[in-house]
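Structural overview
Each chain, letter by letter, is given below.
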Amino acid sequence: GVRAAHALRSGERLTEMSADLERSQALLAVVGQAIAQLSLAHTLDTAADRVAELLGAERIAVYLRDEGGRLHAAHERGLAGPHAVVAERLLDLALGPFRAQGMLHVTDAAADLRLAAVRDSVVEAGIDAVVAVPLLVREELIGLVAVYLPLGHEPSDHETTLLTALATQLAVAVQNAR
């Protein structure tokens, strides 16, 4: 009797889990279709809002590569000056020595030796600190997300994990919107 009761409860849980899975799959299909139908501008604006909210940042930019392979600011918030020049250097670093990390974090941009080549642009754009994540779709580089933070800001492991996941989703959404 105990075994039969246990089997029945297991069957009920399996049926509930199956129904939950079907609902989740349907929801993902609807969300995927909605993302595919969004305009690029709306996709970038929504993503920038989420990333800014996640890291409590007021300054953010999403850079996309043009046909010549150069980055241009497709969406920016709170930025001025030659920040795209800095983004090019950040992308070089993120794809070079820091590729294995999946992101680049600089706590003091003006003093960081890795940004020495673009220090004038860093100062002119008023960049204190930054977290940058390349946008990759199937190993193809399509851009970079850069969150410009206050001096010395150290994002938590949770924040960096979420930022990386959002960048992955953003890359796919941008590719679909294009």
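Anyway, here's the lowdown on the structure attached to this text. (Residues numbered from 1 in each chain as written. Predicted model: local features only at pLDDT ≥ 70, side-chain atom pairs only at ≥ 80, totals over all residues. Heavy atoms only, no water.)

Description of the pattern of salt bridges
- This structure, assessed with the given rule, holds three salt bridges.
- Among the salt bridges present, the one from R77 reaches D49, with a minimum N-O distance of 2.3 Å. Separated by 28 residues along the polypeptide, R77 in strand 2 (residues 71-77) and D49 in helix 2 (residues 40-55) bring together distant segments of the chain.
- Overall, the relative accessible area of 24% leaves R77 in the partly exposed class.
- A salt bridge links E88 to R70; the shortest N-O distance between them is 3.8 Å. With E88 in helix 3 (residues 83-95) and R70 in the loop between strand 1 (59-65) and strand 2, the pair connects residues that are 18 residues apart, well separated along the chain.
- Exposure remark for E88: the relative accessible area of 13% places this residue in the buried category.
- Judged by relative accessible area, which is 52%, R70 ranks as exposed. (Salt bridge = Lys/Arg side-chain N within 4 Å of Asp/Glu carboxyl O. Helix = DSSP H or I, 4+ residues; strand = E, 2+ residues; numbered from the N terminus. Buried < 20%, exposed > 50% of the residue type's maximum accessible area, 1.4 Å probe, protein only.)

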